[in-house]
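The chain contents come next:
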Amino acid sequence: MKKKIVGVIQVRMNSSRVPGKALLELHGKPVIQWVLDSIRGSTTLDCIIVATTNSESDDFLCEYLNGKVAVYRGDSLNVADRLHSAGLKMGATDIVRITGDHPLSCPSVIDYLVLKHIHLNNDYTSFERANIAQGVRSEILSMRSLQKIVKGQGLEVSEYLTFFYTKNARYFKLSLLE
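Since the model is a prediction, treat every value here as computed from it, not as a measurement. In this numbering scheme, every chain counts its residues from 1 along its sequence in written order. For a predicted model such as this one, the threshold for reporting local features is a pLDDT of at least 70, and the threshold for listing and counting side-chain atom pairs is 80 or more; totals across whole chains, interfaces and linings nevertheless cover every residue. For side-chain calculations, the full set of non-hydrogen atoms in the structure is used, while hydrogens and water are omitted.

*Asks:* Describe the packing of helix H3 (residues 79-90) against helix H5 (residues 143-152), and please don't skip the residues or the numbers.
*Replies:* Note on geometry: axes are lines fitted to C-alpha atoms, helical ones only across the stretch in contact, with angles between N-to-C directions running from 0 to 180 degrees. Numbering of helices and strands runs from the N terminus, with a helix taken as a DSSP run of H or I at least four residues long and a strand as a DSSP run of E at least two residues long. Axis separation between H3 and H5 bottoms out at 10 Å; the angle between their running directions is 140 degrees. If you check the angle between H3 and H5, you find them oblique. Here H3 runs over H5; the crossing is left-handed. Only Met143, Leu146, Gln147 and Val150 of H5 make contact with H3, whose side of the interface consists of Ala80, Asp81, Leu83, His84, Gly87 and Leu88. A per-class count over the contact of H3 with H5 returns 6 nonpolar, 3 polar and 1 charged. Each angle is binned into one of four classes, with values under 35 degrees roughly parallel, values over 145 roughly antiparallel, values of 65 to 115 roughly perpendicular, and all other values oblique. Handedness of a helix crossing follows the sense of rotation of the near helix relative to the far helix, less than a right angle counterclockwise being left-handed and clockwise being right-handed. Contacts were defined at the residue level, with two residues in contact if any of their heavy atoms lie within 4.5 Å. Under the convention adopted here, Pro, Cys and the residues Ala, Val, Leu, Ile, Met, Phe, Trp and Tyr are nonpolar, Asp, Glu, Lys and Arg are charged, and Gly plus all remaining residues are polar.

See the structure below:
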């Protein structure tokens, strides 16, 4: 079966530290546009979708994104379900989780990560935190493993998927790249 790799940008406007940061202007364009423009340079992503919340606070974001990229809106409290549902909407076998407030996302890093993930047939692939700058770090998750998490766990794992995978490594095939 051919893999379908979907870039899922998770973003919301209701941040406690910097509200509305996705639409804040950075050198003449919104931060989310920098993210989109950057990851569109990836050669391994089959498509891109933004996963945001169904909260009224994200209406302006969705208006901005209209016609630029596919959008999925879901529960504001359940990040894992939003990622999973966005992947389902696009027919993904694997998703690359990209943070919507990281304007320096690097397409070559994404491509390297995807190729390693496919070659190793992993459920989860990312980088050791100490070995890559926070603003360019991404992770890739198989839809198969994400579905297990969404169906079998409560909201307590939703926000912290990275830690859930690494703390439960015996249940998943995973790699943290150097």
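*Asks:* I'd like to hear about the sheet that holds strand E8 (residues 139-142), residue by residue, with values.
*Replies:* Pairs of strands are assigned from DSSP output, requiring at least two bridges between the strands. Pairing within the open sheet is mixed, and its 7 strands lie in the order E5-E4-E1-E6-E8-E7-E9. Among the strands making up the open sheet, the edge pair consists of strand E5 (70-74) and strand E9 (174-177). Strand-to-strand twist in this sheet, taken as the mean axis angle between neighbours without regard to direction, amounts to 25 degrees. Where strand E6 (residues 94-99) lies against E8, 4 bridges are found, and the strand directions are antiparallel. Considered in E8, the bridge of Asp94 is made with Ser142. Against the sheet, H3 engages strand E1 (5-10), strand E4 (47-53), E5 and E6, with an angle of about 145 degrees to E4.

All we've got here are geometric facts, nothing functional implied.
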